Amino acid sequence: MSWRLSARNAAHRDSVVTASRDYRNIIERLQDIVSALEDRLRPLVQAELSVLVDVLHRPELLFPENTDSRKKCESGGFICKLIKHTKQLLEENEERLCIKVLQTLREMMTKDRGYGEKVGEAAKRGHGGVMDLMCTV
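Residues numbered from 1 in each chain as written. Predicted model: local features only at pLDDT ≥ 70, side-chain atom pairs only at ≥ 80, totals over all residues. Heavy atoms only, no water.

Let us look at a nonpolar patch on the surface. Side chains of Tyr-23, Ile-26, Ile-27, Leu-30, Ile-33, Leu-37, Leu-41, Leu-44 and Val-45 sit close together on the surface and give an oily, nonpolar patch of about 870 Å² of accessible area. As for its placement among the helices and strands, Leu-44 is situated in helix 1 (residues 2–57). Judged by relative accessible area, Leu-44 falls into the exposed class, the value being 56%. (Patch = residues over 30% accessible without salt bridge, like charges linked within 9 Å, V, L, I, M, F, W, Y side chains within 5 Å. Areas by Shrake-Rupley, 256 points an atom, 1.4 Å probe, with all protein chains shown as cover. Salt bridge = Lys/Arg side-chain N within 4 Å of Asp/Glu carboxyl O. Helix = DSSP H or I, 4+ residues; strand = E, 2+ residues; numbered from the N terminus. Buried < 20%, exposed > 50% of the residue type's maximum accessible area, 1.4 Å probe, protein only.)

This part covers a positive patch on the surface. Positive charge collects at one region of the surface, where Lys-72, Lys-81, Lys-84 and Lys-87 lie side by side. A total of 3 residues in the positive patch trace back to one element, the largest contributor, which is helix 3 (residues 77–91). When you line up the elements, Lys-72 lands in helix 2 (residues 68–74). Overall, Lys-72 belongs to the exposed group, its relative accessible area being 56%. (Lys, Arg positive; Asp, Glu negative; His and termini not counted. Charge placed at Lys NZ, Arg CZ, Asp CG, Glu CD.)

This part takes up the environment of Leu-105. Within the element layout of this structure, Leu-105 appears in helix 4 (residues 95–110). In this structure, the C-alpha to C-alpha distance between Leu-105 and Leu-56, residues 49 residues apart in sequence, is 8.2 Å. Sequence-distant contacts of Leu-105, that is, excluding residues within four places in its chain, are made with Leu-56 and Leu-82. (Contact = heavy atoms within 4.5 Å.)

Our next topic: the pattern of salt bridges. Considering all chains together, one arrives at 4 salt bridges under this definition. Between Arg-58 and Glu-60 there is a salt bridge whose closest N-O contact spans 2.6 Å. With a shortest N-O distance of 3.4 Å, Arg-70 and Glu-74 are connected by a salt bridge. Of this pair, Arg-70 and Glu-74 both sit in helix 2, 4 residues apart, roughly one helical turn. Classification of Arg-70 as buried rests on a relative accessible area of 13%.

Let's shift gears to the confidence of the model for the chain. Mean pLDDT over the chain: 75, with 69% of residues reaching 70 or higher. Counted against residues more than four places away or in other chains, residues 115–137, with its pLDDT under 50, gives 34 contacts. (pLDDT = per-residue confidence, 0-100.)

Glancing now at the side chain of Glu-60. Residue position: Glu-60 is located in the loop between helix 1 and helix 2. Within the structure, the side chain of Glu-60 is placed 2.6 Å from the side chain of Arg-58, a separation counted as a polar contact. Discounting chain neighbours no more than four positions away, the residues touching Glu-60 are Arg-70, Cys-73 and Glu-74. (Polar contact = N/O pair within 3.5 Å; in protein donor to acceptor, adjacent residues only side chain to side chain.)

Mapped onto the secondary structure, Thr-86 falls in helix 3. Assessed through its relative accessible area of 6%, Thr-86 is described here as buried. Setting aside anything within four residues of it in sequence, one finds Thr-86 in contact with Cys-98, Val-101 and Leu-102.

Given below as structure tokens:
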């Protein structure tokens, strides 16, 4: 009788070991897939961020010259609306999105994005800073 119990336990252990190994293999393959996707998507995410920063830095370039929309953007209308929208997000308890928008704006103010100087430095001198834009609208 004890040899039957021993045989059952051995078979059960083997199946547990096999299931554990299969589970581990699945996890490893999924991690490989995630890593491959991250590697392939990283340049796209960087490009998207670059375009976003360009649009935030010079939104007026989205519109044809001598149009009302372009003039509004040149006078700070775009950034002002973005700030109002961010405030509304905070009021609607969309804190994560609000924080993401503010972090992106902060990064714009501190990092050189190929415009010859740090955006924050221009803001300090009064040339295109967010606070200046808010005051002109």
